[in-house]
Structures are given as structure tokens and as C-alpha cells.
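# Descriptive analysis of the structure
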Amino acid sequence: MEDLISLPYKRKVLDEWIYASYRMRGVESYTFQFHSHHEYEIYFFCGGDCKYLINNRIYELVPGDIILLDGMTLHKANPWGESIYTRSVLHFSPTWLSDLISTLGIPNLLMPFKKLNNPLLRTRYDENGQYVDGQMKKISGLLTEIDEELQRMGKKSELLEAEVKLELTQLLLAIYKMSKKELAQVNSRKTEKEVHVEEIASWIRDHYTEKISLDRISSELSLSKYYVSHVFKEVTGFTVMEYVMGCRLNQVKFLLEMEPDLSLAEVSSASGFESLAHFSRFFKEKVGITPSHYRKNKLQPATQQ
């Protein structure tokens, strides 16, 4: 697997609203990070060995699995083994489709992303799975075509953008029908280790704004400190404290954008950081910019509209 590395994603003109990568193969040179984002995501698992952690739930994936993500819930892929990890992803902004959804009279189209708690659809590459796979390939190709047209003509093709919206709407209609059939309710049998990891993750989600230690977690859950540390790393691919800090970072991003009147010190404290200095250093290290810069970038588009 180490000699198969995904090519860096090249930014496209519509990335603010939608981007897609079809059948990425291999893994990047860095560890897959626990993360969140504001766009909705369709994740299609094509092959390899991979566990997927969403908040405090763990899925062991099989080819043809589709995960629908609301974006803001912390999630992370944990590929392992010798098989080549292959997947397709599509992120899109619901705002970009709002006018079309309203015009078509289908206000519930995005309900699977809003109400189903980040479900997994297990298609096993049946007719539904093949259709979703095909649509993701088609949309990825159209986005590349839009960029090529922009380079040739010097302007974005409104016709091609409309085609992307229509193809995405068709894809979302298919997913909506699949969710209505309750394909999302896949209750796979979990190992004892996976059950314990979900308990640990759930406890952390309830307490991440407090002072947390392995001693406290092991005491609260009646598990040994050694077991808590090792089983969490074994199943998820990252440490307990990396998960804690991921939860805190997600809360910081939310507060910076949604609570503009809070000071940075208040954001830091409300997210579980012990000091403003540690908060600022950690945020800059993980996000690449300062908290103030991040807030400015997120709030600026709204003030310009």
C-alpha cells in the first residue's frame, strides 16, 4: 500500500460549492485526521480494509457502502491492512442547491443528511450502489470539464454548472429513496473492543469541555487505564487525547463562526482549553491560521452578500 499514494487534490472553480474525487486509491503520507466541515458529504467505499469512525460509532466497511455525513459531526477513516484503500467522496453546499430544490418542490430532499444521524447505506454494489457510483463519476468528470472550459474560454460555463446541479439532484433523489427503504439501518455485530471504544468516545463527547485524563476515563467506565489507551488506538487509529482535542477543535470552529460576539478567551474556555496561549498554538498548528483569521474568513462572505 505504501507505494500507492493519492495524488494531491487540484482545486477547481466550483470548490466553494461542490467538489468530488472519484476512486482515490491508496493513502496520503500523513495519518487520516479526525475532522469536520460545513458541507454535506457522500462517501462511497470501493475497496480495501477500513473502519470508519463517526462521532462515537464505528463501521467496518464493505465495498459498496455509502456513508452520508452532515459534515459537522466529527468523522475519520481508518484504513489498515495490505489491500489498496479505494473510495470516492463528494462534498456539496446545501445553499448551492436551495433555489433548485425549492423550484422543484422537493423540500425533504436533504433529510437523509439532516435527520438520519450520519447513516450507512449497505448496497453491496447492487443496482442502487452502481447508480450512485456512476453518478459520482459523472459529476467528478463534469467538474473537471468546467475547469478545462474555463482555461480555454476564460470564463465559467453556466451550462455545465447547471448540468452538475441536475446530476447532483438526480443522485440525491436516489439517495433519498434508498434512505426511505431504511437501508441506512445497518446494525452490524460489534466486537467487545468496538463496544468499549464507542463507550469511551461517547463519554468523551459528553465531557470534552472538562479536564480529562486517562485515569478519569478508566475510573468512570470501570476499565483499566492501559486497556482504555491501547484499545482506543487499536480500533480508531488515534489516541484518546487526539480524539479529545478533535472534539475541542470542532467546538472552537463552531463557536468562532456561530458566536461572533464571544471573545477568543471565552471560546477557548468554553471548548475545554486550559489557557488561551495553548488554544492559540494548537489552533494555528492544526488549521494553519490564527483563530482570529479563521473567524474573519468565515464571517466575511456573509457581510459581503
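Further up the page is the structure itself.
Okay, the nonpolar core next. Formed by 31 residues in total, the largest nonpolar core has its most connected members in Ile 18, Ile 42, Leu 90, Phe 92, Leu 168, Leu 171 and Leu 172. Those elements that provide at least two residues to this core are strand S1 (18–25), strand S2 (40–47), strand S5 (65–69), strand S7 (86–92), helix H1 (94–104), helix H3 (127–153) and helix H4 (158–180). For this core, the leading source of residues is H4, giving 7 residues. Ignoring anything within four residues of it in the chain, the contact list for Phe 92 reads Trp 17, Ile 18, Glu 39, Tyr 40, Ile 42, Leu 97, Leu 110, Phe 113, Leu 168 and Leu 172. Phe 34, Ile 204, Ile 212 and Cys 247 belong to the second-largest nonpolar core, a separate cluster that totals 22 residues.

Sheet strands pair by backbone hydrogen bonding; their relative direction is either parallel or antiparallel. Spatially, the 5 strands line up as an open sheet ordered S1-S7-S2-S5-S8, and their pairing is antiparallel. The two strands at the open ends of the sheet, each matched to only one other strand, are S1 and strand S8 (120–122). Taken over all neighbouring pairs, the strand axes of this sheet differ in orientation by 10° on average, direction set aside. Strands S1, S2, S5, S7 and S8 of the sheet are contacted by H4, whose axis makes an angle of about 110° with S7.

This next bit is on the pairing of S2. Burial of S2 is extensive: 8 of the 8 residues sit out of reach of the surface. As paired strands, S2 and S7 are joined by 7 bridges and run antiparallel to one another. When the bridges of S7 are listed, Phe 45 appears paired with Arg 87. The pairing of S2 with S5 spans 4 bridges and is antiparallel. Note on S5: the bridge partner recorded for Tyr 43 is Ile 67.

We now examine unusual backbone geometry. The phi dihedral of Arg 124 falls on the positive side, at around 50°, and the residue is not glycine. Judged by its relative accessible area of 59%, Arg 124 is exposed.

Each value, and the rule that gives it
Residues numbered from 1 in each chain as written. Predicted model: local features only at pLDDT ≥ 70, side-chain atom pairs only at ≥ 80, totals over all residues. Heavy atoms only, no water. Core = buried A, V, L, I, M, F, W, Y, C linked by side-chain atoms within 4.5 Å. Buried < 20%, exposed > 50% of the residue type's maximum accessible area, 1.4 Å probe, protein only. Helix = DSSP H or I, 4+ residues; strand = E, 2+ residues; numbered from the N terminus. Contact = heavy atoms within 4.5 Å. Pairing = 2+ DSSP bridges. Axes fitted to C-alpha atoms, helices over the stretch in contact; angles between N-to-C directions.

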